[in-house]
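Residue-level structural notes
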Amino acid sequence: MPAKKKSVKRTNASAMGKKGAARKRAAPKASLANALAEAAWADADKALAEALIELDEFENARNEKAREAALTLLAQALAQTARKRGLTRIGMLGAQEAFDPQRHEPPPRAKSAKSVRIAARGVARGAEVLARARTEAPRRRSPR
Amino acid sequence: MSAWTLCIDFGTAFSKAAAAPSDLRFDPANVRPLQLNPQPSGNPFLLDSAVFVDDARILFGRSALDRASSMAGRKRVALQSFKTLLSAADLERALDIKAPLSIDPHRAFCMRDLIVLYLAYLLAAIERARAADACIPARINLRYAAPAWQGGDSDALHAVVAGLFGEAEALRMRLGDALLADEGIDLALAATALPRAADEARPRAMGLIHEAAAAAAYTSIGLDESGSHLIVVDMGAGTTDMAVLMRADHQMHELADARVTFNQAGDFLDRLIADRALKSASWAKSTAQKTALWGDLMRAMPDLKAAMFAEGRASRRYERRLINVSLRDIERDQDFKAFLKELQAAYAHCVAVARGDALLRENASIEAVAVGGGAGAPFIQELISGATKRGPRVTPRPATPGWAHSEVFGGNLAPVFPQLAIAIGGALAPDNMLAAGGAA
């Protein structure tokens, strides 16, 4: 690749020294980020492993009681995984909110929406929305 | 080169350390938690607080716990919970007590010896981690965080702890990296080195920062504006502490009248949850069954508690049976009700003290933050979010500060922040927030 060759050509001993020092300084920052990721994932991995096992329990359940137990533990392990990764849920199931395209998927078949009902909560990490909440049109109030 | 500060947090189960520059404008990229644990698995930032006296060797950290676990049938245990020991009313006397037979079957060591050995191991782990991080200079100011026990004399505690660190540093110089070996160190070598290190030791120049002040530091740092008063509710494993800090002239002062410490905290909740689960397991009739179930619940307790705090209920599969416990069950418990009532009264007292002081100052505002393992408990969050009837409003702050979500950490500091919070806050806090001691 020509660009790469060019940069190698320009490199002299002094520049190498500076770049080397810069790399030496920068390396631990990358390593700290990796270690933080490792720490954050270590516990999440355990919870995810539990979730996978409970998925098998769910699929192999012989009766409704066993299926319900597996689903309870699967949900708990998944929620645990999310917490360990710093994920939070957006909105409350069934709640009616003003439509916000950053946080909500538009309700299916709706041309425009002013308010929506949360059908499935979204997921965020800090301020970053990873998945918008799925919504549906608000339920009409039954006449008195 | 700028001056850096390193703070050690002795958690009940783990030790943690973090470093930060003292004289630079705050930059999240300069917050450096130390990777104390070199084990390939597990959290690299958490060093197990444990010493195990084996037949011919002394083991530290994870090796100590693994060995103790393999010898549990012989009633052998590792020494842990150094924090509990440091809270003893007469610390010097507590340190001179011989370690119990279950910890030291040779009757060769007193508690002071074992703590000095652990601190030497911790200092060696810190030095290894510091040397691996080129951002942190070799010369660094040292601090440690401790709770401000009610009625405790910070200067007296600090003199003893600085002395222990001095002995530990002398011991580390003698034993070197052998302290970090998985197989630990030779018992006879340790027994010989300890008195020599004690003779050579000089008290270590270091600072003591109260955990509440460390929490205030990480909560308010990086903010353009933060409250003049901060109420800190810290529910750890052994104690729940409340403190009110007041900021004036860029200094943080504690309003001593507000401080409250309860002996009920995370361990108390663990017992309530396990007890409730045990009662619901009507099939567990024999003592052996109950003991085995209790042990299983206690091992799973951090996850159970996290689920209960977040979802209001927690479940556990045990021998193909499902055990359910709900937060409502716990809230019905008479002991819990009594604890909550006292907690609410103590918090109201803290608010009153903060408000009384705030009214004397211009532009005063009060904030509250929950820290420690119990920070996420709904009843703690309700406490700090509770509406106040009159006077300056109390604004709750999140347990994990906004800067912990900074992109420089790739989104990975926030999930582990609660575990590292006190070490980080202690490293970030200015010298004027120290309870005793100072920079080296």
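A brief structural summary. (Residues numbered from 1 in each chain as written. Chains lettered and ligands numbered in written order. Predicted model: local features only at pLDDT ≥ 70, side-chain atom pairs only at ≥ 80, totals over all residues. Heavy atoms only, no water.)

A few points about the overall build of chain A
Helices and strands together make up the secondary structure of chain A, namely 3 helices and 6 strands. Residue burial in chain A is summarised as follows: out of 144 residues, 24% are buried. Here chain A has roughly 10,500 Å² of accessible surface; of this, 55% comes from carbon and sulfur atoms. (Helix = DSSP H or I, 4+ residues; strand = E, 2+ residues; numbered from the N terminus. Buried < 20%, exposed > 50% of the residue type's maximum accessible area, 1.4 Å probe, protein only. Areas by Shrake-Rupley, 256 points an atom, 1.4 Å probe, with all protein chains shown as cover.)

Section: the packing of aromatic side chains
Residues and elements named next belong to chain B. Taken as a whole and judged by the stated rule, the model has 12 aromatic pairs over all chains. Geometrically, the ring pair formed by F60 and Y121 is stacked, given 4.9 Å between the ring centres and 10° between the ring planes. Residue F60 is found in strand β6 (residues 57-60), and its partner Y121 is found in helix α4 (residues 111-132); the two are separated by 61 residues along the sequence. What makes F60 buried here is its relative accessible area of 4%. The exposure class assigned to Y121 is buried, which follows from its relative accessible area of 8%. Their ring planes at 85° and their centres at 6.1 Å tell us that F262 and F339 sit as a pair that is edge-to-face. A residue pair is termed long-range when its members are at least 10 positions apart, and F262 in strand β13 (residues 260-262) and F339 in helix α11 (residues 334-358) qualify at 77 residues. (Phe/Tyr/Trp six-rings, centres within 6.5 Å; stacked < 30°, edge-to-face > 60°.)

What about the side chain of D357 of chain B?
All names here are of chain B. If you trace the backbone, D357 turns up in helix α11. The exposure class of D357 is buried, given its relative accessible area of 12%. What D357 contacts, discounting residues up to four positions off in sequence, is H229, M246 and L255. (Contact = heavy atoms within 4.5 Å.)

Concerning a nonpolar patch on the surface
Residue and element names in this part refer to chain A. Side chains of L48, L52, L55 and L78 sit close together on the surface and give an oily, nonpolar patch of about 330 Å² of accessible area. No other element matches the 3 residues that helix α2 (residues 13-59) contributes to the nonpolar patch. For L48, the location among the structural elements is in helix α2. (Patch = residues over 30% accessible without salt bridge, like charges linked within 9 Å, V, L, I, M, F, W, Y side chains within 5 Å. Salt bridge = Lys/Arg side-chain N within 4 Å of Asp/Glu carboxyl O.)

What to know about the state of the cysteines
Under the defined criterion, the tally for this structure stands at 0 disulfides over all chains. This cysteine, C7 of chain B, is not joined by any disulfide, and C135 of chain B carries the nearest cysteine sulfur, 19 Å off. (Disulfide = S-S within 2.5 Å.)

Description of the sheet that holds strand β8 (residues 185-186) of chain B
Residue and element names in this part refer to chain B. Strand order in the open sheet formed by 3 strands is β5-β6-β8, with antiparallel pairing between adjacent strands. In this open sheet, the two edge strands, each paired with only one partner strand, are β5 (51-53) and β8. In terms of strand pairing, β6 meets β8 through 2 bridges, oriented antiparallel. Its bridge partner being in β8, I58 is matched across the sheet by I185. (Pairing = 2+ DSSP bridges.)

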